[in-house]
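Architecture and fold: a report
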Amino acid sequence: MSYSFFQEYWWFLVSLLGAILVFLLFVQGGQSLIFSLGKDPVARKMMVNSTGRKWEFTFTTLVTFGGAFFASFPLFYSTSFSGAYWVWMLILVCFVIQAVSYEYQNKHGNVWGSRTYQTFLVINGILGPVLLGAAVSTFFTGSYFVVDKSSITNLLGGNSVISQWQPYHGVQLHGLEAVLNPWNIVLGVAVFFLSRVTALLYFINNINDDSLRAQSVRRLMGNTIAFLVFFLAYVGFLLTTQGFAFDPASGEVFMEPYKYLHNLLQMPLVLVLFLVGVVLVLFGIGKTLLSRSFKRGVWFEGVGVVLTVLALFLIAGWNNTSYYPSVADLQSSLTIRNSSSSPFTLKTMSIVSLLIPFVLAYIVYAWRSLDLRKITKGEVTDSRNITY
């Protein structure tokens, strides 16, 4: 197994974690619906209790995603997390207030009241997906940084910083410029509405209440249309824009017209993943809308989300593509070839990665254990049964 094999293998694993994270953002989507879907305190409690059982899966996956990125592609981690820190700090704050809200909203002596903490959950439910989507979009639109690996030798009196974030039109924004690119916002909003669609399907499956299920079905159509508008617009942009390619022999980065379309066509298996994922997403949603007795749409849609997002991550990094391009200095763009860990590190971690199926099996077991009983009004009115 060559060095390049392990680089591509670890990009696949990082991409898979990112795809699973996007599916698990249904927790954030559910939180954004607390006041608009929950018309009374009992309904809101059912929704909060339902998402409260799963929020730790989302947070753990986010941390694992970041850890895998750090271990396999440390130059990306040091460049992005040290330069674009305002975006990552905002995402971190969103998840911190989420954890605090689930922990304290029903504590005795809570002087702020449950509604205050539920408002914090709504903030996390809106900002979390939008910011994560905008951050991921920079994999295709580029960021403002410069990389100089030779500076690491300037340990005595010189500037030994490898990566430096550059000002955006003369202003140092440290990553906030990502939200000034309209296409980054388009993907962020698409991820936001996708999280709401998945949350509605999850509520239909997880909450045993006819009224809340009927409201979820009614909201499903509008959120699906909004998601499709933004998602299709972004896919159209992605398949027609120039992409950041690199020459594997010289490492030179250059702009290639229709690069991401070429990636799909030149990697048929990835194209199949993308198309099957889209079909599963539409099937899960459509079947739920057409059959009121069908409650398992979240699983078809969820698998579809994972496959579709996985395909998007793969075309961002495979097939001689720069996954973290620099618009400040094209040759500073990061690829899986110039930003990965050493062969020894990647090989050692690959052995450890063989434990991943056992971890996934435990997650499935824990998920099923939590879902043995559906959420009901009787459960949330008894404080002993609150599980978050």
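Summary of the structure given here. (Residues numbered from 1 in each chain as written. Predicted model: local features only at pLDDT ≥ 70, side-chain atom pairs only at ≥ 80, totals over all residues. Heavy atoms only, no water.)

1. Considering the overall build of the chain
Helix and strand counts for the chain stand at 16 helices and 4 strands. For 388 residues, the compact-globule formula gives about 21 Å, and the C-alpha radius of gyration of the chain, at 22 Å, lands near that figure. Its C-alpha atoms put the chain at 65 × 45 × 45 Å along the principal axes. By residue count, 51% of the 388 residues in the chain fall in the buried class. For the chain, the share of sequence-separated contacts (at least 6 apart) that also reach a separation of at least 24 residues comes to 75%. Per element, the accessible surface of the chain, about 17600 Å² overall, is 69% carbon and sulfur. Counting 24 positive and 16 negative side-chain charges, the chain places the averaged centre of each group 14 Å from the other. (Helix = DSSP H or I, 4+ residues; strand = E, 2+ residues; numbered from the N terminus. Rg over C-alpha atoms; globule rule 2.2 N^0.38 Å. Buried < 20%, exposed > 50% of the residue type's maximum accessible area, 1.4 Å probe, protein only. Contact = heavy atoms within 4.5 Å. Areas by Shrake-Rupley, 256 points an atom, 1.4 Å probe, with all protein chains shown as cover. Lys, Arg positive; Asp, Glu negative; His and termini not counted. Charge placed at Lys NZ, Arg CZ, Asp CG, Glu CD.)

2. Overview of the packing of aromatic side chains
The tally for this structure, following the rule as stated, stands at 49 aromatic pairs. Judged by centre distance (5.8 Å) and plane angle (10 degrees), the ring pair of Trp55 and Tyr102 falls under stacked. Here Trp55, found in helix H5 (residues 55–72), pairs with Tyr102, found in helix H7 (residues 85–104); they are 47 residues apart in sequence, far enough to count as distant. Both residues of the pair, Trp55 and Tyr102, count as buried. The lysine or arginine in question, Lys54, covers the ring of Trp367, its NZ or CZ lying 4.8 Å from the ring centre. Across from the ring centre of Phe294, 5.7 Å away, lies the NZ or CZ of Lys287, which sits over that ring. (Phe/Tyr/Trp six-rings, centres within 6.5 Å; stacked < 30°, edge-to-face > 60°. Lys NZ or Arg CZ within 6 Å of the ring centre and 35° of its normal.)

3. Structural notes on the packing of helix H8 (residues 114–141) against helix H13 (residues 297–317)
The geometry of H8 relative to H13 is characterised by a closest axis approach of 9 Å and an angle of 40 degrees between their N-to-C directions. Here H8 lies oblique to H13, going by the angle between them. Pair H8 / H13 crosses with left-handed handedness. Mapping the contact onto sequence places Val136, Phe139 and Phe140 in H8 and Leu312, Phe313, Ile315 and Ala316 in H13. Across the contact of H8 with H13, the residue classes break down as 7 nonpolar, no polar and no charged. (Axes fitted to C-alpha atoms, helices over the stretch in contact; angles between N-to-C directions. Parallel < 35°, antiparallel > 145°, perpendicular 65-115°, else oblique. Left-handed = near helix turned anticlockwise from the far one by under 90°. Nonpolar A, V, L, I, M, F, W, Y, C, P; charged D, E, K, R; others polar.)

4. Quick word on a nonpolar patch on the surface
Side chains of Tyr85, Trp86, Met89, Leu90, Leu92, Val96, Val100, Tyr104 and Leu176 sit close together on the surface and give an oily, nonpolar patch of about 760 Å² of accessible area. Position of Val96 among the secondary structure elements: in helix H7. (Patch = residues over 30% accessible without salt bridge, like charges linked within 9 Å, V, L, I, M, F, W, Y side chains within 5 Å. Salt bridge = Lys/Arg side-chain N within 4 Å of Asp/Glu carboxyl O.)

5. As for the pairing of strand E4 (residues 253–257)
Two elements, strand E3 (residues 242–246) and E4, share 5 bridges in a ladder whose sense is antiparallel. Its bridge partner lying in E4, Gln242 is registered against Pro257. In this structure, the hairpin formed by E3 and E4 is closed by a connection of 6 residues, where Gly251 is found at a positive phi of approximately 80 degrees. (Pairing = 2+ DSSP bridges.)

6. Details of the pattern of salt bridges
Within this structure, the stated rule accounts for 4 salt bridges. Residue Asp209 pairs with Lys377 through a salt bridge whose shortest N-O separation is 3.8 Å. Taken as a pair, Asp209 in the loop between helix H9 (182–206) and helix H10 (210–240) and Lys377 in helix H16 (residues 377–381) lie far apart in primary sequence, 168 residues in all. The class for Asp209 is buried, based on a relative accessible area of 11%.

7. Observations concerning the environment of Tyr9
Position of Tyr9 relative to the elements: it lies in helix H1 (residues 3–24). When its relative accessible area of 23% is taken as the criterion, Tyr9 is described as partly exposed. Each C-alpha atom, one on Tyr9 and one on Leu354, is 12 Å from the other, the two residues being 345 residues apart in sequence. What Tyr9 contacts, discounting residues up to four positions off in sequence, is Ser350 and Ser353.

8. A closer look at the environment of Val42
Note that Val42 resides in helix H4 (residues 41–52). The spacing of Val42 and Thr376 is 334 residues in sequence and 9.6 Å in space, taken between C-alpha atoms.

9. Section: unusual backbone geometry
A positive phi is found at Tyr258, a non-glycine position, where the angle reads about 55 degrees. The backbone of Asn319 shows a phi angle near 60 degrees, a positive value even though the residue is not glycine. Structurally, Asn319 is set in the loop between H13 and helix H14 (343–352). The exposure class assigned to Asn319 is partly exposed, which follows from its relative accessible area of 23%.

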